[in-house]
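Commentary on secondary and tertiary structure
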Amino acid sequence: MKSFLSFIKKYDSIIIHRHVNPDGDALASQFSLKELIKLNFPDKKVYAVGDECPKYLSSIFPKLDVINNSIYKNSLVIVVDTANKDRISDDNWKFGQFILKIDHHVFVEKYANLEIIEENASSCAEVIAKIIFEEKKLKINKEIAKFLMVGIITDTGRFLYKNTKKDSFYYSYKLLEEGVNLESIYKEIYKKDDKMIKFSGYIMLKYKNKGEISYIVLKKGIEKKFKINFNEATSMVNLIFGGKNTKYALYAIWNSNEKLYKISLRSKSKPINKVANKFNGGGHKNAAGAKAKNKREIKKMIGELEKNSES
Ligand SMILES: [Mn+2]
């Protein structure tokens, strides 16, 4: 952890990246670090870059920075919440003078000069909170604490998922001590509009079961039918994961930009990240992502999950 600070001290310009299609934890990690560095080292220039923030989080996080590429060669680049380099939003990350990774995903590949990975942490925000509270000299404020809280809340599904551990509560306690208002965060994140409620209903009605697997392969262009965007239509996998006989869930949605199915996988007990690795993906033991070119590949993936469940 000491080395983390020494690198921050060394650079006047710091650019923070995270994964594509950012979730609450990716943005929380990015903006908490940005504000943390600005607060403790006011002379430094800090930027948070990447693709668009999803609508449901846009009231919580500030706007992303758009920067000139020439800044990179003298900058420290920090990549948060991203296990493999293909998932980093904005290819310019590699032009940084020094690359630092902070993550909590299962290790996939080394792409940074220095990697701080805590596989047992619920979220990348929890890793950052740990760094802050262990490094007693760092100042924190309510805004930073709020961002970190959002990261822990969203990655643990409000302290519901299996990645919720003692430390998740310990650091949440420390963050609440900074004056974070939990109720207002919940209100901001979990407000739903009617379109999303109807889309949720559709998924719950249409998903199928095969043995211990619950799955749904959404029709191409389903977003248009419900007047929602791709990001809103993605990551609804937990809706089909609750059945008492369900041990695995697979949620497939067509990504028309990449021309492939984006798959979310969940497992209640046995690890599925190895299955995800076979299909161009990766992630955690119980929650992972993968890709498939067509329905035939999705069938194969379901076959692999069945094998996994027998082994
Ligand atoms: Mn995360």
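Calculation rules
- Residues numbered from 1 in each chain as written.
- Predicted model: local features only at pLDDT ≥ 70, side-chain atom pairs only at ≥ 80, totals over all residues.
- Heavy atoms only, no water.
- Patch = residues over 30% accessible without salt bridge, like charges linked within 9 Å, V, L, I, M, F, W, Y side chains within 5 Å.
- Areas by Shrake-Rupley, 256 points an atom, 1.4 Å probe, with all protein chains shown as cover.
- Salt bridge = Lys/Arg side-chain N within 4 Å of Asp/Glu carboxyl O.
- Lys, Arg positive; Asp, Glu negative; His and termini not counted.
- Charge placed at Lys NZ, Arg CZ, Asp CG, Glu CD.
- Helix = DSSP H or I, 4+ residues; strand = E, 2+ residues; numbered from the N terminus.
- Buried < 20%, exposed > 50% of the residue type's maximum accessible area, 1.4 Å probe, protein only.
- Pairing = 2+ DSSP bridges.
- Contact = heavy atoms within 4.5 Å.
- Axes fitted to C-alpha atoms, helices over the stretch in contact; angles between N-to-C directions.
- Phe/Tyr/Trp six-rings, centres within 6.5 Å; stacked < 30°, edge-to-face > 60°.
- Lys NZ or Arg CZ within 6 Å of the ring centre and 35° of its normal.
- Donors = N, O, S within 2.8 Å, 3.2 Å for Na, K, Ca; no water.
- 1 Å grid on protein atoms, 1.4 Å probe; cavity = no way out; pocket = protein on both sides within 12 Å on 5 of 7 lines; lining within 4 Å.
- Points joined across faces, edges and corners; volume = space filled by probe spheres on them.
- Nonpolar A, V, L, I, M, F, W, Y, C, P; charged D, E, K, R; others polar.
- Parallel < 35°, antiparallel > 145°, perpendicular 65-115°, else oblique.
- Left-handed = near helix turned anticlockwise from the far one by under 90°.

Here we come to a positive patch on the surface. On the surface, a cluster of positive charge is contributed by Lys206, Lys208, Lys219, Lys220, Lys225 and Lys295. You can see Lys206 is positioned in helix α7 (residues 194–206). Of the residues examined, Lys206 reaches a relative accessible area of 45% and is grouped as partly exposed.

Next up on the list: the sheet that holds strand β11 (residues 287–292). Spatial strand order, β6-β7-β8-β9-β11-β10: six strands in an open sheet with mixed pairing. The strands lining the two open edges of the sheet, one partner per strand, are β6 (208–210) and β10 (282–283). Sheet topology places β6 next to strand β7 (residues 213–217); three bridges connect them, and they run antiparallel. Paired with Lys208 across the bridge in β7 is Tyr215. Packing of helix α11 (residues 295–310) onto the sheet brings it into contact with β6, β7, β8 (248–255), β9 (260–267) and β11, and relative to β8 it is tilted by some 165°.

Scanning all chains against the criterion turns up 12 aromatic pairs. When the centroid spacing of 5.1 Å and the interplanar angle of 20° are considered together, the rings of Phe159 and Phe169 count as stacked. Separated by 10 residues along the polypeptide, Phe159 in the loop between α4 (142–155) and α5 (166–177) and Phe169 in helix α5 bring together distant segments of the chain. For Arg158, the ring lying beneath its charged end belongs to Tyr186, and the centroid distance is 5.8 Å. Between the NZ or CZ atom of Lys268 and the centre of the ring of Phe241, over which it lies, the distance is 5.2 Å.

Let us look at the coordination of the manganese ion. Protein coordination of the manganese ion is provided by Asp25 (OD), Asp81 (OD), His104 (NE2) and Asp155 (OD), with donor distances spanning 2.2 to 2.4 Å. Each donor residue of the manganese ion lies on the same chain, and together they follow the pattern D-x55-D-x22-H-x50-D. Of this pair, Asp25 sits in helix α2 (residues 24–40) while His104 sits in the loop between β4 (98–103) and β5 (114–117), placing them 79 residues apart in sequence. Note on Asp25: relative accessible area 0%, which makes it buried. His104 sits in the buried class, given a relative accessible area of 1%.

Attention now moves to the layout of surface pockets. Considering only enclosed or pocket space, the second largest pocket measures out at about 320 Å³ in volume. With four residues, α11 is the single largest residue contributor to the lining of the second largest pocket. The class makeup of the residues in the lining of the second largest pocket is six nonpolar, no polar and six charged.

What follows deals with the pattern of salt bridges. For the structure shown, the criterion picks out 15 salt bridges. With a shortest N-O distance of 2.9 Å, Asp65 and Lys34 are connected by a salt bridge. A residue pair is termed long-range when its members are at least 10 positions apart, and Asp65 in the loop between β2 (45–48) and β3 (76–80) and Lys34 in helix α2 qualify at 31 residues. A salt bridge links Lys146 to Glu188; the shortest N-O distance between them is 3.1 Å. Placement of Lys146 in helix α4 and of Glu188 in helix α6 (residues 182–189) is noted, with a sequence separation of 42 residues between them. A relative accessible area of 19% means that Glu188 is categorised as buried. A single salt-bridge network, built from bridges that share partners, covers Lys278, Glu304 and Lys307.

Let's shift gears to the packing of α4 against α5. Each pair of packed helices can be summarised by the angle the axes make with each other and by the distance between the axes. Direction vectors running N to C along α4 and α5 enclose 155°, while the axes themselves pass 10 Å from each other. Judged by the angle between their axes, α4 and α5 are roughly antiparallel. Handedness of the crossing formed by α4 with α5: left-handed. Residue-level inspection shows Ala145, Leu148, Met149 and Ile152 of α4 in contact with α5, the latter providing Ser168, Tyr171, Ser172 and Leu175. Here the contact of α4 with α5 is built from residues that sort into six nonpolar, two polar and no charged.

For the rest of this paragraph, the subject is empty space enclosed by the protein. Scanning the model with the defined rule gives one cavity of 30 Å³ or more in all. Each pocket or cavity is described by its volume, and for the largest cavity that value is around 30 Å³. Around the largest cavity, the lining residues are Phe4, Leu5, Ile8, Leu36, Ile37, Phe41 and Leu138. Broken down by secondary-structure element, the contributors of at least two residues to the lining of the largest cavity are α1 (2–10) and α2. Considering each element in turn, the lining of the largest cavity owes the most residues, three residues, to α1.

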